[in-house]
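So the chains spell out like this:
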Amino acid sequence: MLQIRRDLVDEMIAHARRDHPDEACGMLPGPEGSDRPERFVPMTNFARSPNFYQFDSMEQIRLKREMDGNGEEPVVIYHSHTMTEAYPSRTDVDLAGEPGAHYVLLSTRHPEETELRSYRIVAGEVTEEPVEVVESYLFSHTGADDVPDRH
Ligand SMILES: [Zn+2]
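What comes next concerns the included structure. Keep in mind that this is a model prediction, so the values were computed, not measured.

## Considering the environment of P74
With respect to the helices and strands, P74 occurs in strand 4 (residues 72-81). For the pair formed by P74 and R117, sequence separation is 43 residues and the distance between their alpha carbons is 17 Å. Residue contacts for P74: discarding those within four places in its chain leaves M27, L28, P29, M67, E98 and A101.

Now the structure itself:
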C-alpha cells in the first residue's frame, strides 16, 4: 500500500495536467527505509512525447546525488499517460529498475478527471496496490484501539 499526503497527490496531478498532451514524470523522495514520500520533484520528460517518457539523465544524476546526500530514496516514481489508462506499459515494466519504489501512474486522457494508481514492479511483474491519501503523516498511525492493525 502507498500512503501519501494530499498535497503531493495534488502536485502530481497539476504537473500531469500542465504537461498534457506530453507525458509528465518525476519523483517523490523520502527518508531511506521510511516508505514515506516527503517532497515533490517534477522532472523533465527528455523525450517530450505523448506516449513515452525518459528522465533527463543529467537531472537524474543530480537528483540521485542530492538524495544520497540527504539520506533519501525515490519512494515514488511517477509519470502520466495521456491517451491510455493509468497502467504500466510494456516499456514501463522493462524500464522499472527500483523494486523498492511505488510506481505511480496518472492518466490525463479524460479532460475532467485524472486517474491515479500505484504499482509495485518487481522482476517484470506488476502488482497494483491501494493508495491511501492522508492530510498529514503525523496522525496516520495513531495506534488507537479502533484502528485495525495492517501489519
Ligand atoms: Zn508509461
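## Considering the coordination of the zinc ion
Only H79 (NE2), H81 (NE2), D92 (OD) and D92 (OD) from the protein coordinate the zinc ion, and they sit 2.0 to 2.6 Å from it. Here the zinc ion is ringed by four donor atoms whose angles at the metal span 54 to 154°, and the overall shape comes out irregular. Mapped onto the polypeptide sequence, the residues donating to the zinc ion form the spacing pattern H-x1-H-x10-D. Note that H81 is positioned in strand 4 and D92 in helix 3 (residues 90-95), a separation of 11 residues in sequence. With relative accessibility at 5%, the residue H81 sits in the buried group. When its relative accessible area of 10% is taken as the criterion, D92 is described as buried.

## Points about the nonpolar core
Ranked by internal contacts, the top residues of the largest apolar core, which has 17 residues, are M27, M43, F55, L63, I77, Y103 and I121. Secondary-structure elements contributing two or more residues to this core are strand 2 (25-31), strand 3 (41-43), helix 2 (57-70), strand 5 (102-107) and strand 6 (115-122). If we ignore the near neighbours within four places in the chain, the residues touching F55 are C25, G26, M27, M43, T44, F46, Q60 and I77. The next biggest cluster of nonpolar side chains, apart from the first, holds 15 residues, and it includes L8, V76, Y78 and Y137.

## Examining the layout of surface pockets
The computed volume of the largest pocket comes to approximately 380 Å³. In terms of lining, the largest pocket is formed by 21 residues, of which the most central are M27, F55, Q60, I77 and E98. Elements that contribute at least two residues to the lining of the largest pocket include exactly helix 2, strand 4 and helix 3. In terms of residues, the lining of the largest pocket owes the most to one element, helix 2, which gives five residues. By residue class, the composition of the lining of the largest pocket is 11 nonpolar, three polar and seven charged.

## Quick word on helix 1 (residues 6-19)
Its 14 residues give helix 1 an end-to-end C-alpha distance of 20 Å, which sits within 8% of 20 Å, the value for a rise of 1.5 Å per residue. Among the residues making up helix 1, those that are buried are L8, V9, M12, H15 and A16. The buried side chains of helix 1 occupy one side of the element, clustering within an arc of 125° when seen end-on.

Calculation criteria
Residues numbered from 1 in each chain as written. Predicted model: local features only at pLDDT ≥ 70, side-chain atom pairs only at ≥ 80, totals over all residues. Heavy atoms only, no water. Helix = DSSP H or I, 4+ residues; strand = E, 2+ residues; numbered from the N terminus. Contact = heavy atoms within 4.5 Å. Donors = N, O, S within 2.8 Å, 3.2 Å for Na, K, Ca; no water. Tetrahedral: all angles 85-135°; square planar, octahedral: opposite > 155°, others 65-115°. Buried < 20%, exposed > 50% of the residue type's maximum accessible area, 1.4 Å probe, protein only. Core = buried A, V, L, I, M, F, W, Y, C linked by side-chain atoms within 4.5 Å. 1 Å grid on protein atoms, 1.4 Å probe; cavity = no way out; pocket = protein on both sides within 12 Å on 5 of 7 lines; lining within 4 Å. Points joined across faces, edges and corners; volume = space filled by probe spheres on them. Nonpolar A, V, L, I, M, F, W, Y, C, P; charged D, E, K, R; others polar. Expected span 1.5 Å × (residues − 1). Arc of directions from axis to C-beta.

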